[in-house]
Amino acid sequence: MIPLSWYLILSAALFSIGLFGVLSRKNAVAILLGVELMLNAVNINLVSFWRYGDVSMMAGQVFAIIVFAVAAAEVAVGLALVISVYRRLDTVIADEIDMMKW
Amino acid sequence: MTLPQIFFLITAFVILGSALMVVTTRNLIHAALWLIVTLFGVAVLYALLNAGFLAVVQVVVYIGAIAILFIFAVMLTRKEMRDRGPQLNRGWWLSGVIAALTFGGLFWLLQAWSGFSKTAADFPSGFDAVGQLGNALVSPQAFVLPFEVASVLLLAALVGAVYVAFNRK
Amino acid sequence: MNFWNNPVQFISQWLTGVFAGWGMADWVASLLIQLIGVVVLASMMMVIDIFLVWVERKVVARFQDRLGPNRVGPFGLIQPFADIIKLLIKEDITPDGADRVVYNLAPIMSLMSVLLLWAIVPLAPVIFGVDLNVGALYIIAAGAIGTLSIIMAAWASNNKYALIGAFRQVAVLVSFEVPMIATLLIPTILARSMGMNDIVQAQDVWYILVVPLAAIIFMITAIAELGRTPFDLNEAESEIVAGFHIEYTGMKFGLFYAGELLHAFTFGGFWAILFLGGYRLFGLENLGPLVAAVILFAKALFGYWIIMWIKYTLLRIRIDHMLAFNWKFLTPLAFVLLMVVALMNAILPHNNMLVYVAGMLLSNILLGWIVIEILRVHSRRERERVEGKNQMIEVAHR
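Note that the structure is predicted; figures quoted are calculated from it, not measured.

(A) Fine view of the arrangement of the chains. The chain pair with the greatest number of contacts, out of two pairs of chains in contact, is formed by chains A and B. In this view chain A stays clear of chain C, with the nearest C-alpha atoms of the two still 14 Å from each other.

(B) Main features of the side chain of A:Arg51. Mapped onto the elements, A:Arg51 comes out in helix H2 (residues 28-52). Of note is the side chain of A:Arg51, whose polar atom sits 2.9 Å from the side chain of B:Asn50.

(C) Quick look at helix H6 (residues 160-191) of chain C. All names here are of chain C. Between the first and last C-alpha of H6 there are 46 Å, a value that for 32 residues agrees with the 46 Å anticipated at 1.5 Å per step. Its maximal kink placed at Glu 177, H6 deviates by approximately 30°, while the proline Pro 179 follows within four residues. Its side-chain oxygen 2.7 Å from the backbone nitrogen of Tyr 161, Asn 159 forms the N-cap of H6. Immediately beyond the C-terminal end of H6, within one or two residues, lies Arg 192, with a positive phi of roughly 60°.

(D) Just the pattern of salt bridges, in detail. Residue and element names in this part refer to chain C. Enumeration according to the criterion identifies eight salt bridges over all chains in this entry. Note that Glu 260 is salt-bridged to Lys 311, the shortest N-O span being 3.9 Å. Taken together, the residues Glu 260 in helix H11 (residues 250-275) and Lys 311 in helix H12 (residues 289-311) connect sequence positions 51 residues apart. Glu 373 is paired through a salt bridge with Arg 376; the nearest N and O atoms lie 2.8 Å apart. On the criterion of helical spacing, the pair formed by Glu 373 and Arg 376 is a turn pair, its members being three residues apart in helix H14 (residues 353-397). The exposure class assigned to Arg 376 is partly exposed, which follows from its relative accessible area of 45%.

(E) View of the environment of C:Pro230. Residues and elements named next belong to chain C. The residue Pro 230 is located in the loop between helix H9 (212-226) and helix H10 (237-240) in this model. Placed 61 residues apart in sequence, Pro 230 and Val 291 show a C-alpha to C-alpha distance of 35 Å. In this structure Pro 230 touches Ile 223, Ile 310, Leu 314, Leu 315, Arg 316 and Ile 317, once residues within four positions along its chain are discounted.

Calculation criteria
- Residues numbered from 1 in each chain as written.
- Chains lettered and ligands numbered in written order.
- Predicted model: local features only at pLDDT ≥ 70, side-chain atom pairs only at ≥ 80, totals over all residues.
- Heavy atoms only, no water.
- Contact = heavy atoms within 4.5 Å.
- Helix = DSSP H or I, 4+ residues; strand = E, 2+ residues; numbered from the N terminus.
- Polar contact = N/O pair within 3.5 Å; in protein donor to acceptor, adjacent residues only side chain to side chain.
- Expected span 1.5 Å × (residues − 1).
- Bend = angle between axes of the 7 residues up to and from the residue.
- Salt bridge = Lys/Arg side-chain N within 4 Å of Asp/Glu carboxyl O.
- Buried < 20%, exposed > 50% of the residue type's maximum accessible area, 1.4 Å probe, protein only.

Everything listed is a geometric property; what it means functionally is a separate question.
Written out as structure tokens, the structure reads:
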């Protein structure tokens, strides 16, 4: 059988890779891609804790579904913002979007 | 090595490899396609964890909707068909260090936990996970309120996305 | 264990014995047998696909008052093989600006997304790939991969027509998925299961008699998902030449074409499973699993024939009309129908089959009648508005 540790290590690694993407990418869309990786890492954790705990407690799966909903909402609004910014400023490089900076 | 373990290792290799490609590849469309590979790998993991419903929902929601939205966003926000120049910040090595530290810290915290290497009990035969999940989602004793809040959030996000991206002439 | 009662299990047990005789470990043998099963199912569908080319060409010829292929072999039966040879010896072009890997991957994924669907089709009570307990959602998931293949093909071709076709197709797919999910939930409510086999087993009365509106809506959304006329905006020949597969030649185009035909046949099959009782036909299916499989294929061909009938009868719809039709008409109707069915399912007595079916059928007919009345009033107003405007224009010209 697969020990729980494998899933946890995998999800930690995936989370770190996503974090690296969020911190290092220039393009705003690519930053959102990194966020998706991190959300997926969280979901792996939630589902594996459900499986390795008491399977009749559905909290793990339910929260995974809520993460799906949140991810969908985040992507819809995030990408709408990116497209809107692109229309006004003609760029999607996160560093160049500095209207709020001084 | 048993069969599930081999499956897990192959899947984990695919997930991590494609995730690395997502954050490093230059062509953003390719990054989005690699993201799809990652998401598919995660769906396989759900299937390995006996969460078949989540595996299918992962494919429907993530690959069918989110990844395609990403591809569209990439297509709509580029001036040339090819991406030029480096795609990473100047301080990317610092981000790498932070990510590595995060992984190290998580690993260190986790391995100190007593339940770290426990194995799963056998899946109870005749246990209807999908039915249980459905009951949990709509029963007032369980999660009906978070479920409804999530649906309201989705509606709000839908309206917000249309409002933000709407092109006023 | 008899071959005629349970062929799949019979063969798999025989193979297990053979592999054990070779000194193979248990899990290797079972893995190998499952792989063989996958390969056999996939290749069977591809062989059927070859004959679908013939069926489609013959049927369209009849619709258009022609004879169709009749030169190669009896009734032109060998024609598809001639077509394949022609496709194979064509020049295989990859455009200059193409993204090579993605370009070559897209047709494979297109056919794969269709073959994936056959994993959950119950050909008979005991012949199925896997009896997934979330089968209804799996249909949508496989469709998502098909959408993806279209975007990949369009983007990798580096062609504007291709991209326009893909944009249209995705807009259509994403919007028609909503009523499709709603109508998939209706057999799920009636059968109390998402598994295809359970849905078939629960159909003592075919669901097309219980919820005819759902069957109609599912057929419409299926045609939209297939991208066939009247919803074939993704390849609209007169506007964007061939849409997403404009740059593909030879066998790569052949894969898209084969995928499209098999997709139509598959959705005919799902229509039969969800609404026409699948492999059941007045107890004939009890004769044996192979008879049941033949019944299912016959029903799938019937569904396929309806899809072809619509394709070769109707004209292409403009994209804004099509999306308005979905969002303003089909989606609300599907959700209202879903609520009505759920409500009636709770109210009507389950022990009296006649009352149950009659109640469901009446509620469906009533809903359909209300919808048609609303449409009639709406269209009359629209007509009066347009005609009134025309009169004013005439007055102004005078």
